[in-house]
Amino acid sequence: MELFGECLSLVYPLSCDNGFVCSSDRLTVTYSRSSGPGGQNVNKVNTKADVRFHVATADWLSEEVRSVITAKYQNRINRAGQLIVTSEVSRYQMRNLADCLQKIRDIVTAAQEKPQPQSKETAEMRRMRVENMHRERLRQKKIHSSIKRERRVTVD
Amino acid sequence: MSWSGVRSSLELLRRLPRVSLANLRPNPGAKKREKRRGRGIHGGKKSGRGHKGQTQRGNRPRLGFEGGQTPFYIVIPKYGYNKGHSYRRQYQPLSLNRLQYLIDLGRVDPSQPIDLTQLVNARGVTVQPLKRDYGIQLVEEGADIFAAKVNIEVQWASELAIAAVERNGGIITTAFYDPRNLDILCKPVSFFLRGQPIPKRMLPPEELVPYYTDAQNRGYLADPAKVQKERISLAKKYGYILPDISKDVMYSMLTMRKDPLQIFFGLAPGWLVNLPEKKILKPIDEELCKYYRSEL
């Protein structure tokens, strides 16, 4: 059962190689107590980091990216429309925050990825593989059928 | 001091007899008579040896013997856990918790660059150069509560520790000291009393050169421009705003850094410090000066 500690809206520099930058106070960071074993330390110290941002009004992301995120991460978006990313991997608040930011970067990078048009060779290879699978399946089916037929005793 | 107590004790001194062997005795219970074996009631009869057998006859086998079964200390195979241990470099850990504690108690002054000498003077760490200690390492414990702006120099630091120091507007550098110079750094006064000129610091050994030339580790041999870039990228990684040091009041103190050949701030290699007369003797000879200024 977590109880929320401090609630901060701070300027966090978040950027990645693809070139998006979130530099305004868009990320809401909260710290709370982590779960799991750890005795007095885990009971008292706020180490779990919780980072949220409102997807619809995130103008540091393009429209397509926003729609992709809304579609793909529906389960992690709350009723207010905020994407929630949490982390409690380590004993240190700083490291958990770094982990959350990395997760956000990964989400955005994955959302920005465009599916590459398949090359002809790959499409051809795929078609051949599917055909082979069907052919093999039907061959096995015929073998199995002949086995069953031979076992049958016909009463003439 | 109660005058009546003093007066009565002086009266006692006047009245009582002289202290001599006749009126001295130890406190009750201070001297306990030893048990002399074989001399009657509780030291006698079997004399604490038990009844018959190897124990009474003083014939027990060696420690570890298990009656013929392969003993535990032989069953366990040998493995080189401690092989070459005396060649391994050790770094005394200094947690950020401890550093904050020392600063809060006023034992370490954050308005001056923090060096191994300052920490040893404050008895914050104990370094034993003769036991293969090559300095101190900054450990992450207490990274979340660390809130001091310092210019600190250590011998090893982990990424989170670097981030914790820089987040508060401080500067951290990792520097190498060879064992002789580390001993001098830890105990400067006893070195100055020896009457030897300050030696120049040696460059790190081959294995450590990549570590100390890397900007990510804030090595003292790294390119300062790269160090600045790494500071910015670390801030992005850990999600804090890198404070602008150039606008700080303590900018000159924070950017104080030792020359790779220098051991002490304000003292160059080759100088001879005369502590009793409070004088410093500097070499004039060209060759000597050239030697003390060259790195190889």
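Just so it is clear, the structure is predicted and the values come from calculations on it, not from any experiment. (Residues numbered from 1 in each chain as written. Chains lettered and ligands numbered in written order. Predicted model: local features only at pLDDT ≥ 70, side-chain atom pairs only at ≥ 80, totals over all residues. Heavy atoms only, no water.)

Regarding its fold elements, chain B presents 12 helices and 7 strands. A globule of 296 residues ought to have a C-alpha radius of gyration of about 19 Å, yet chain B, at 31 Å, is considerably larger. Counting only C-alpha atoms, chain B reaches 85 × 75 × 50 Å along its principal axes. Per-residue burial for chain B yields a buried fraction of 35% across its 296 residues. Intrachain contacts of chain B at a sequence separation of at least 6 include 58% that bridge at least 24 residues. Roughly 19,900 Å² of accessible area belongs to chain B as shown, and the carbon and sulfur atoms make up 55% of that amount. With 49 positive and 28 negative side-chain charges, chain B shows a spacing of 20 Å between the two charge centroids. (Helix = DSSP H or I, 4+ residues; strand = E, 2+ residues; numbered from the N terminus. Rg over C-alpha atoms; globule rule 2.2 N^0.38 Å. Buried < 20%, exposed > 50% of the residue type's maximum accessible area, 1.4 Å probe, protein only. Contact = heavy atoms within 4.5 Å. Areas by Shrake-Rupley, 256 points an atom, 1.4 Å probe, with all protein chains shown as cover. Lys, Arg positive; Asp, Glu negative; His and termini not counted. Charge placed at Lys NZ, Arg CZ, Asp CG, Glu CD.)

Attention now goes to the side chain of B:Asn151. All names here are of chain B. By secondary structure assignment, the location of Asn-151 is in strand β3 (residues 151–154). Among the polar contacts made by the side chain of Asn-151, one reaches the main-chain carbonyl oxygen of Met-253 at a distance of 3.0 Å. Excluding anything up to four places from it in sequence, Asn-151 contacts Pro-113, Ile-114, Ile-171, Met-253, Leu-254, Thr-255 and Met-256. (Polar contact = N/O pair within 3.5 Å; in protein donor to acceptor, adjacent residues only side chain to side chain.)

So, about the side chain of B:Asp133. All names here are of chain B. Assignment of secondary structure puts Asp-133 in strand β2 (residues 133–139). Comment: no salt bridge for buried Asp-133; closest opposite-charge side chain is Arg-132, at 7.9 Å. In terms of polar contacts, Asp-133 uses its side chain to reach the backbone amide nitrogen of Gln-128, at 3.1 Å. Among all residues touching Asp-133, those that are not within four sequence positions of it are Gln-90, Gln-92, Thr-126, Val-127, Gln-128 and Leu-182. (Salt bridge = Lys/Arg side-chain N within 4 Å of Asp/Glu carboxyl O.)

To continue, consider the interface of chain B and chain A. Listed by partner, the interface residues are 16 residues for chain B and 14 residues for chain A. Carbon and sulfur atoms supply 56% of the area buried between chain B and chain A, which totals about 1,300 Å² over both sides. Among the residues chain B hides against chain A, the three largest losses belong to B:Asp144, B:Lys236 and B:Tyr238. Together they make up 40% of the total. There are 2 salt bridges connecting chain B and chain A. Across the pair A:Arg95 and B:Glu140 runs a salt bridge, and its minimum N-O distance is 3.0 Å. Inspection of the region where chain B meets chain A yields 6 residue pairs in polar contact (both at pLDDT 80 or more). (Buried area = accessible area lost by both parts, 1.4 Å probe.)

All right, on to the sheet that holds strand β1 (residues 90–95) of chain B then. Residue and element names in this part refer to chain B. Reading across the sheet, the 3 strands line up as β1-β2-β4 and stay open at both edges, with parallel pairing between neighbours. At either margin of the open sheet sits one strand with a lone partner, and together these are β1 and β4 (156–157). Set on the sheet, helix α4 (residues 96–104) makes contact with β1 and β2; between it and β1 the angle comes to about 60°. (Pairing = 2+ DSSP bridges. Axes fitted to C-alpha atoms, helices over the stretch in contact; angles between N-to-C directions.)

Residue and element names in this part refer to chain B. For Arg-132, which is not glycine, the phi dihedral falls at a positive 65°. Considering the arrangement of structural elements, one finds Arg-132 in the loop between α5 (116–121) and β2. On the basis of relative accessible area, Arg-132 is assigned to the partly exposed category, the value being 31%.

Let us now look at the environment of B:Val125. All names here are of chain B. Locating Val-125 in the fold gives a position in the loop between α5 and β2. Remark: the alpha-carbon pair of Val-125 and Pro-93, spanning 32 residues in sequence, is separated by 8.2 Å. Not counting chain neighbours up to four residues away, the residues in contact with Val-125 comprise Pro-93, Leu-94, Leu-116, Leu-119, Val-120 and Ile-136.

We now examine the pairing of strand β6 (residues 82–87) of chain A. Side-chain positions along a regular strand alternate between the two faces of the sheet. Residue and element names in this part refer to chain A. Burial along β6 is one-sided: Leu-83, Val-85 and Ser-87 are buried, while Gln-82, Ile-84 and Thr-86, pointing the other way, are not. Pairing between strand β5 (residues 46–54) and β6: 6 bridges, direction antiparallel. Bridge pairing in β6 places Arg-52 opposite Ile-84.

With the rule as written, the count across this model stands at 11 aromatic pairs over all chains. Residues A:Phe53 and A:Trp60 carry aromatic rings whose centres are separated by 5.2 Å and whose planes lie at 55° to one another, so their mutual orientation is tilted. Each of the two residues, A:Phe53 as well as A:Trp60, counts as buried. If you follow B:Lys200 out to its NZ or CZ, it ends over the ring of B:Tyr291, 4.0 Å from the centre. Of note, B:Lys258 hangs over the ring of B:Phe265, and the distance from its end group to the ring centre comes to 5.4 Å. (Phe/Tyr/Trp six-rings, centres within 6.5 Å; stacked < 30°, edge-to-face > 60°. Lys NZ or Arg CZ within 6 Å of the ring centre and 35° of its normal.)

Per the counting criterion, the structure on display carries 21 salt bridges over all chains. The shortest N-O distance in the salt bridge between B:Asp248 and B:Lys149 comes to 2.7 Å. Linking B:Asp248 in the loop between α10 (224–238) and α11 (251–254) with B:Lys149 in the loop between β2 and β3, this pair joins segments that are 99 residues apart in sequence. Close ionic contact of B:Glu166 with B:Arg231 constitutes a salt bridge, the shortest N to O distance being 3.4 Å. Of this pair, B:Glu166 sits in helix α6 (residues 159–167) while B:Arg231 sits in helix α10, and the two are 65 residues apart along the sequence. The buried category is assigned to B:Arg231, whose relative accessible area is 5%. The network of salt bridges with common partners includes A:Glu124, A:Arg127, A:Glu131 and A:Arg135.

Where the model shows low pLDDT, its predicted coordinates should not be examined in detail. Residue and element names in this part refer to chain A. Residues at a pLDDT of 70 or more form 84% of chain A, whose mean pLDDT is 84. Averaged pLDDT values for the elements of chain A fall to 37 in strand β1 (residues 4–9) and rise to 94 in helix α4 (residues 120–151). Counted against residues more than four places away or in other chains, residues 1–11, with its pLDDT under 50, gives 30 contacts. (pLDDT = per-residue confidence, 0-100.)

The next subject is the packing of helix α3 (residues 93–112) of chain A against α10(B). In the contact formed by α3(A) and α10(B), the axes pass within 7 Å of each other and the chain directions differ by 85°. If you check the angle between α3(A) and α10(B), you find them roughly perpendicular. Facing A:Met94, A:Arg95, A:Leu97, A:Ala98, A:Leu101 and A:Arg105 of α3(A), the residues of α10(B) in contact are B:Lys236, B:Lys237 and B:Tyr238. Of the residues that constitute the contact of α3(A) with α10(B), the class distribution is 5 nonpolar, no polar and 4 charged. (Parallel < 35°, antiparallel > 145°, perpendicular 65-115°, else oblique. Nonpolar A, V, L, I, M, F, W, Y, C, P; charged D, E, K, R; others polar.)

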